[in-house]
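# Summary of the model geometry
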Amino acid sequence: MTVVVPCYNEEKTIQPFIEAILKVQKDLKEVEIELLLVDDGSTDRTLNVIKKLVQHYPDSIEYLSFSRNFGKEAGLYAGLKNAKGEYVAIMDVDLQDPPMMLVDMYRMIQDPNVDVVATRRTSREGEPAVRSFFASLFYKLNNLISRVELAEGTRDYRLMKAQVVDAVVSLSEYNRFSKGIFSWIGFKVKYLEYPNIKRVAGQSSWSFRSLFDYAIDGLISFSDLPLTIASYLGFFSIALALVWGIYMIIAGIFYQASISSMNLLALLILFMGGFQFMCMGIIGKYLGKIFTEDKRRPIYLVREEQLFED
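Described in the following lines is the structure provided in the data block. Each chain has its residues counted from 1, following the order in which its sequence is written. Restriction of local features to residues with pLDDT of at least 70 applies here, the model being predicted, together with a cutoff of 80 or more for giving and counting side-chain atom pairs; totals for whole chains, interfaces and linings are based on all residues. Note that water and hydrogens are dropped before the side-chain values are worked out from all heavy atoms of the structure.

## What about the overall build of the chain?
So the rule is basically this: Secondary structure elements are defined from DSSP: runs of H or I of at least 4 residues count as helices, runs of E of at least 2 residues count as strands, and each element is numbered from the N terminus. Relative accessibility under 20% of the residue-type maximum defines a buried residue, over 50% an exposed one, and the middle range a partly exposed one, all with a 1.4 Å probe and only protein chains included. For this analysis, residues touch if any pair of their heavy atoms sits within 4.5 Å. All accessible areas in this document rest on Shrake-Rupley with a 1.4 Å probe, and a residue is counted as covered only by the protein chains that are shown.
When you go through the chain residue by residue, the secondary structure sums to 10 helices and 8 strands. Looking at the chain as a whole, 45% of its 310 residues are labelled buried. For the chain, the proportion of contacts with a sequence separation of at least 24, taken over those separated by at least 6, is 82%. Summed over all atoms, the accessible surface of the chain reaches about 17,300 Å², with 59% contributed by carbon and sulfur.

## Observations regarding the pattern of salt bridges
Applicable threshold: Note on definitions: salt bridges are taken to be side-chain nitrogens of Lys or Arg within 4 Å of carboxyl oxygens of Asp or Glu.
Tallying each qualifying case throughout the model produces 10 salt bridges. For E11, the salt bridge identified is with R45, shortest N-O distance 3.7 Å. One end of the pair, E11, is in the loop between β1 (2-7) and α1 (14-27); the other, R45, is in the loop between β2 (34-39) and α2 (46-56), and 34 residues separate them in sequence. In this structure E11 comes out as partly exposed when scored by relative accessible area, which is 28%.

## Examining the pairing of β2
Strand residues, when the strand is regular, have side chains that alternate between the two faces of the sheet. Heads up, the condition is: By the convention used here, strands pair only if DSSP detects at least 2 bridges between them. Handedness of a crossover is defined as follows: with both strands directed away from the viewer, a clockwise route from the first strand across the helix to the second makes it right-handed.
Counting buried residues in β2 gives 5 out of 6 residues, a clear majority hidden from the surface. Bridge count for β1 against β2 is 6 bridges, and the pairing is parallel. Each residue of the ladder has a partner; that of T2, found in β2, is E34. You can see the chain leave β1, run along α1 and come back into β2, and the turn it takes is right-handed. By the bridge criterion, 5 bridges tie β2 to strand β3 (residues 61-66) in an arrangement that is parallel. Pairing of L37 across the sheet is with Y63, part of β3. As for the winding sense of the linkage, the β-α-β connection from β2 through α2 to β3 is right-handed.

## Considerations on the packing of α1 against α2
Note the cut-off: Each axis is a line fitted through C-alpha atoms, taken for helices only over the stretch in contact, and angles between the N-to-C directions span 0 to 180 degrees. Under this grouping Gly is polar, as are all residues other than the nonpolar Ala, Val, Leu, Ile, Met, Phe, Trp, Tyr, Cys and Pro and the charged Asp, Glu, Lys and Arg.
Relative to each other, α1 and α2 sit at 35°, their axes nearing to 10 Å. Mapping the contact onto sequence places I14, Q15 and I18 in α1 and T46, V49, I50 and L53 in α2. Residues of the contact of α1 with α2, tallied by class, amount to 5 nonpolar, 2 polar and no charged.

## Remarks on helix α4 (residues 101-109)
Counting buried residues in α4 gives 7 out of 9 residues, a clear majority hidden from the surface. Turning to α4, its buried residues number three or more, namely M101, L102, V103, M105, Y106, M108 and I109. For α4, the elements touching its buried residues are β1, α1, β4 (87-90), β5 (116-121), β6 (154-161) and β7 (189-194).

## Examining the side chain of D92
Using the following cut-off: Each polar contact in these results corresponds to two N or O atoms within 3.5 Å; when the atoms are within protein, one needs to be able to donate a hydrogen and the other to accept it, and residues that are neighboring in sequence are counted only if both atoms are side-chain atoms.
Position of D92 relative to the elements: it lies in the loop between β4 and α4. Only 2.9 Å separates the side chain of D92 from the side chain of K72, close enough to count as a polar contact. Excluding residues within four positions of it along the chain, D92 makes contact with V5, F17, K72, D97 and R155.

## Some points on the environment of V88
For V88, the location among the structural elements is in strand β4. Among the residues examined, V88 registers a relative accessible area of 1% and is labelled buried. For V88 and A162, which are 74 residues apart along the polypeptide, the C-alpha to C-alpha distance reads 6.8 Å. Among all residues touching V88, those that are not within four sequence positions of it are T2, V4, L80, A83, R158, L159, M160 and V165.

## A short note on the nonpolar core
Note the cut-off: For this analysis, a nonpolar core means a set of buried residues of the types Ala, Val, Leu, Ile, Met, Phe, Trp, Tyr and Cys, connected via side-chain atoms within 4.5 Å.
Counting 40 residues, the largest nonpolar core has M1, V3, F17, L35 and L102 as its most contacted members. For this core, the element with the highest residue contribution is α4, accounting for 7 residues. Look past the residues within four positions of L102 in its chain and what remains in contact with it is M1, V3, I21, V24, L28, A89, M91 and Y157. Counting 28 residues, the second largest nonpolar core, distinct from the first, contains F66, I90, M160 and L171.

## Considering the sheet that holds β7
Strand order in this open sheet of 8 strands is β7-β5-β6-β4-β1-β2-β3-β8, and the pairing throughout is mixed. The strands lining the two open edges of the sheet, one partner per strand, are β7 and β8 (302-306). Here the average twist between neighbouring strands, direction ignored, is 20°. Of the strand pairs in this sheet, β1 and β4 are connected by 3 bridges, and their pairing is parallel. Bridge pairing in β4 places V4 opposite I90.

These values are about where atoms sit, not about what they do.
Laid out in structure tokens, this is it:
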């Protein structure tokens, strides 16, 4: 079993994480756990700590180190692409993903009708109320506008069979949203629920702004509705302008109502604004198609690595 662990400025959490995984290995004797630590261009001593651990556990730990910070999505992709285990797990290094759950996850995935054992938080206790509110709002909004439904509270923490990993890696788009990708590829998923757990040390590198940007990326990755809205607004504005124009013509002809220059100017602005919105929506559709197809930059660049031989 390969456990993929993205790390960014996590020098304080890696050692407790390794100790927790070693405890899991004692209870999970049926399979050997290999850790693939992905250093996402950390600016602290994360890479130095990883190298020391590799020297201490040369048969259990391997690593990749990026040339700069490419983001967690790139770290996940790099880890999955280089994972060699028959089963592959994704975990956060801050111990918010309980390592001991791997035992139950491994037992559950032995069922031939289960391809993925995913985890889902049953609560957000200990998390700021504002973040919890917007997280819940994101899931509701995504499931309203997207064809890919996301289960609320779903974590990246999951155990997958090699076939599922191959499917995820085959989707090599640059702008990635793993939660959506995991849902889009399908396969048989079974959920394991647990309450929210606080970080073991340090602070999360996910600020409210970065989470907001990530949510926007998720919303537009699997839905073209935001582009379509521009077209709808354009058609609505044009229709409103036409109705208003017909009303003013009828009022002027049959009721001798005077038409002020301000009304004519407002009508013209409404009509032209609607026409521009409609054109922007159509252009956006084409740009959206091009954008999803023309992604040729590498997802990540490796500065150094130490991986197990095949």
